[in-house]
Amino acid sequence: MELENILSRVQKPAWYSGGEYGSIVKDLSQVGIRFGFCFPDLYEIGMSHLGIKILYHCLNTMPNVWCERVFMPNLDMEEEMKKENIPLFALESKDPIREFDFVGFTLQYEMSYTNVLNMLALAQIPMFSKNRTDTDPIVIAGGPCTCNPEPIADFIDLFSIGEGEEHLKTLMNLYLKCGKNRTKFLQEAAKIEGTYVPQYPPEKPVKMQKIQDLDSVEYPDRFVVPFSQVVHDRVMLEIMRGCIRGCRFCQAGFLYRPFRQKSPEILIEQANKLCKETGYDEISLTSLSTSDYDKLPELCDNLLVYCMPQHINLSLPSLRVDNFTKEILEKVQATRKSGLTFAPEAGTQRLRDVINKNVTEEEIEHTCRIAFEGGCTSVKLYFMIGLPTETDEDIKGIAETAQKIVDLYYSLPEKPKGKSIQVTISLATFVPKPFTPFQWESQISLEEIERKQKYLKSQITSKKIKLNYHDGKTSVIEGVLARGDRRLSKVLLKVFENGGKLDAWDEHFSYERWIQAINDCGLSVEEYAGRKRPFDEPLPWDIIDIGVSKEFFIRENKKAYQEKTTPSCKLQCAGCGITELCSGDVCPGGKKQ
Amino acid sequence: MIRLVFSKKGLAKYISHLDMQRTMQRTLRRAGIPVWYSEGFNPHPYLCFASPLSVGIEGENEIIDFRLAEEMPFEEMKSRFNQAFPQGFTAKDIYEGFDPVKNIAFAEYTLSFPKDTQPAFEKFWQRDSIPVLKKTKRAQKEIDLKEESQTVSLAENGDFFDFTVILPCGSEKNINPQLIVSALEENVGKINSCRIIRNRFYKTDLSIFQ
Ligand code: SF4
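Scoring rules and cut-offs
- Residues numbered from 1 in each chain as written.
- Chains lettered and ligands numbered in written order.
- Predicted model: local features only at pLDDT ≥ 70, side-chain atom pairs only at ≥ 80, totals over all residues.
- Heavy atoms only, no water.
- Helix = DSSP H or I, 4+ residues; strand = E, 2+ residues; numbered from the N terminus.
- Buried < 20%, exposed > 50% of the residue type's maximum accessible area, 1.4 Å probe, protein only.
- Contact = heavy atoms within 4.5 Å.
- Buried area = accessible area lost by both parts, 1.4 Å probe.
- Salt bridge = Lys/Arg side-chain N within 4 Å of Asp/Glu carboxyl O.
- Pairing = 2+ DSSP bridges.
- Axes fitted to C-alpha atoms, helices over the stretch in contact; angles between N-to-C directions.
- Polar contact = N/O pair within 3.5 Å; in protein donor to acceptor, adjacent residues only side chain to side chain.
- Domains from an automatic or database assignment.
- Parallel < 35°, antiparallel > 145°, perpendicular 65-115°, else oblique.
- Left-handed = near helix turned anticlockwise from the far one by under 90°.

Notes on unusual backbone geometry
All names here are of chain A.
Line of reasoning, step 1. Look at the link from arginine 257 to proline 258: it is a cis peptide, with omega at -10 degrees.
Line of reasoning, step 2. Tracing the sequence through the fold places proline 258 in the loop between helix H8 (251–255) and strand E10 (260–261).
Line of reasoning, step 3. Residue glutamine 124 is not a glycine yet carries a positive backbone phi of 60 degrees.
Line of reasoning, step 4. With respect to the helices, strands and loops of the structure, glutamine 124 is situated in the loop between helix H5 (113–123) and strand E4 (138–142).
Line of reasoning, step 5. Glutamine 124 gets classed as partly exposed once you look at its relative accessible area, which sits at 38%.
Line of reasoning, step 6. Even without being glycine, glutamate 345 reaches a positive phi, approximately 70 degrees.
Line of reasoning, step 7. Note on placement: glutamate 345 falls in strand E13 (residues 340–345).

Below, the structure is given as structure tokens:
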């Protein structure tokens, strides 16, 4: 009843009321393990995330496990919960998660770390792992950020490193085997591959878990369908994992190696099931680079046969420019006309060679031409500033690339009649991340970010070009956390104590609060993000083994400075080392070889 | 056109009118109801809701009209709806040949208050007039709740007492029963746990809308 009272006073009650179609409610008398799956951000973000859907499904296929969803409440809800002394609860049962066996966080981006602390506090669970006892839940974490678990390790009892579908199930069974005893479980779990228990430092680096065969791994046959609008509100079909490209700035490209595709037959079956089960009218193919999927035309054709009569839209994000064909464009447009997005990332060929983004001007032009002739009038371009070796010449190149697209549009006799073109540049700041060839690089300072942003703005003259960029301050802090070590847990705690939360949201993020906390702890931005690290310096994330070798990253770093590109895995294996863990479709010895 | 009568109870009351559109579209798809889609660039089913229900109010006999592309027996349709509805929704009736939505003039609501507020409520409702400010998008207007309320009744209901009232509910004039709760709260302080249900609609002559 208290919950009902506060729900009528908050802005988005549907974020907290549960009861969505597809949410799973179990009979408590049949359940041995209760698991609170926490996404450390607001409902609208968390519910858009595919990973939580996959793991929610996987855990709930175990008859004795009940996995429920937990999100970070918005500030108005948080205030009401505190007033009425309602601890953080799970959406399905509305039970407090502090009574659960497991509380699991998915760490998708560094700026969500303060939310983890806030959610633990709201749940009334001891903040530090060392202060938890047998009556407290076991707090675990997974997701891409756990490739460098150190900054948040003091707050987490156990990290599940890598792809969790099988690993989590193993952990659940182990927990039962240990008689649900916290100490015993953590001790035993530390011995299992893919597990990092900070209390028991590993002797060898912890190997990241990979799923060898995506066709046979579990995939949800239903999604929880939200009532309120969320960012991605559609059937998401994961068509493959990993990427053949090896862009040197891209952490995901290395973390999710090797390249593994699902077969079209399986995907079509899953799409059918999910559409029927959810009632969604849109399917989106998700992957790091959709156009690298071998049988994309076949997949699209077969999906469209099903989609068209049912009024279902098909969307293909993450298309690359270099192998974008008219055929594919037409397929997407068959169901919906939308703008095009491309990610050249750098403004000159030289810098694109440095970052190994194998895209040429001609290819960009070629693609835009097809798109324009197909009726498209808006193009969005993703670029970065602050890449290693970047000069103002490269930044100017960004403006020039956009201008060329505008000029191209007006030069075409077949352009859409009476319509003008809109080119949007979306500018991000490069943040060096662990497990990339640029993990040793220095990150540009806030002053440099702002100077470069201004410079680019001054280089844009056409009204048809719109420039979007973010305040650089978040990137600076993200950079500190990404390559941080254990000492940052003090900083996190301080920021949280000083009111820091929802830091991924501009309106809540306070740069000053972070800088203050970093300084108070006797640390500096320079030490973590600013300075260039030597190759032989031990790195905080050396305790994790993602399968891609350090030697490979050093090789790639050196090639970057020589402006030499590395061909895609499909053309030639670069010997990254991943086959020690798992062989992908195009790896030597892989299934498609 | 056919009409679906459904209830929206429990936590489903927190689903806003905007979210209802989406929720119904998805329910129709899940249920496999052969609903008619508009032609054109972005085809969508044509759904007509009788009257938006404010967030926090439950509905006993809510109404939605739509067109079918093919025939389907009403009983089958009803059971399909009930399979496909999210928690808190129940399909109650489906029929053809009905009053047009524009004929709705009133709605009947039941407000359940905790028993201990009954004396205060009765005193409050005995007044000759209860003026409140009604905010609209552009302005606020003073209205008299006493004057607007029709056929009022009180009934015991366990730990609660039920106050049933008919209020204007049309495109011309619409009065949210939550105004009664807030007016009462101004007099007796905050009331926890007041439940409001919209029971049914009426036409101008106070005959039942169906
Ligand atoms: S082993 Fe070779 S083909 Fe496989 S991911 Fe590494 S570089 Fe690519």
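Having seen it, we continue.
Section: the interface of chain A and chain B
Line of reasoning, step 1. Counting residues at the interface gives 28 residues for chain A and 24 residues for chain B.
Line of reasoning, step 2. Buried surface at the junction of chain A and chain B, summed over both partners, amounts to about 2200 Å²; 54% is from carbon and sulfur atoms.
Line of reasoning, step 3. Broken down residue by residue, the surface that chain A buries against chain B is led by A:Tyr21, A:Phe227 and A:His311, which jointly contribute 29%.
Line of reasoning, step 4. Between A:Asp233 and B:Arg26 there is a salt bridge, with its nearest N and O atoms 3.0 Å apart.

Observations concerning the sheet that holds strand E3 (residues 102–106) of chain A
Through backbone hydrogen bonds, the strands of a sheet pair up, either in parallel or in antiparallel fashion.
All names here are of chain A.
Line of reasoning, step 1. Strand order in the open sheet made by the six strands is E2-E1-E3-E4-E5-E6, with mixed pairing throughout. If you trace the sheet from one side to the other, it starts and ends with strand E2 (65–71) and strand E6 (195–196), each paired once.
Line of reasoning, step 2. As defined by bridge partners, strand E5 (residues 158–160) adjoins E6 across two bridges and the pair is classed as antiparallel. Bridging across to E6, serine 160 finds its partner in threonine 195.
Line of reasoning, step 3. Across the sheet, helix H6 (residues 164–177) is in contact with strand E1 (33–39), E2, E3, E4, E5 and E6; its angle to E1 comes to roughly 145 degrees.

Remarks on the environment of A:Tyr43
All names here are of chain A.
Line of reasoning, step 1. Locating tyrosine 43 in the fold gives a position in helix H2 (residues 43–46).
Line of reasoning, step 2. The exposure class of tyrosine 43 is buried, given its relative accessible area of 1%.
Line of reasoning, step 3. Along the chain, tyrosine 43 and lysine 12 lie 31 residues apart, while their C-alpha atoms are 9.7 Å from each other.
Line of reasoning, step 4. Contacts of tyrosine 43, omitting those with residues within four sequence positions, involve Ala14, Trp15, Glu20, Arg69, Phe71, Met72, Leu91, Pro226, Phe227, Ser228 and Val230.
Line of reasoning, step 5. A distance of 2.6 Å separates a polar atom in the side chain of tyrosine 43 from a polar atom in the side chain of glutamate 20.

Brief notes about the domain arrangement of chain B
All names here are of chain B.
Line of reasoning, step 1. By domain assignment, chain B separates into domain 1 (2–98) and domain 2 (102–202).
Line of reasoning, step 2. Computed over C-alpha atoms, the centres of domain 1 and domain 2 are 27 Å apart.
Line of reasoning, step 3. Taken residue by residue, the interface counts 15 residues in domain 1 and 11 residues in domain 2.
Line of reasoning, step 4. Carbon and sulfur atoms make up 47% of the area that domain 1 and domain 2 hide from each other, which totals about 1000 Å².
Line of reasoning, step 5. At the junction of domain 1 with domain 2, the criterion picks out two salt bridges.

Let's talk about the packing of helix H13 (residues 361–373) of chain A against helix H14 (residues 392–411) of chain A
All names here are of chain A.
Line of reasoning, step 1. Two elements in contact, H13 and H14, have axes separated by 10 Å at closest approach and are oriented at 40 degrees. The angle between the axes of H13 and H14 places the two elements in the oblique class. Two packed elements cross with a definite hand, and for H13 against H14 that hand is right-handed. The residues of H14 that touch H13, namely those facing Glu361, Ile364, Glu365, Cys368, Arg369 and Phe372, are Thr401, Lys404, Ile405, Leu408 and Tyr409.

Section: the sheet that holds strand E11 (residues 282–286) of chain A
Residue and element names in this part refer to chain A.
Line of reasoning, step 1. Reading across the sheet, the three strands line up as E8-E11-E12 and stay open at both edges, with parallel pairing between neighbours. Of all strands in the sheet, those with a lone pairing partner are strand E8 (235–238) and strand E12 (313–315), marking the two edges. Put simply, the sheet's adjacent strands are angled 20 degrees from each other on average, direction ignored.
Line of reasoning, step 2. Looking at chain direction, E8 and E11 are connected through four bridges and run parallel. Looking at E11, one finds that valine 235 is bridged to isoleucine 283.
Line of reasoning, step 3. Sheet contacts for helix H9 (residues 264–278): E8 and E11; angle to E8, the most-contacted strand, approximately 160 degrees.

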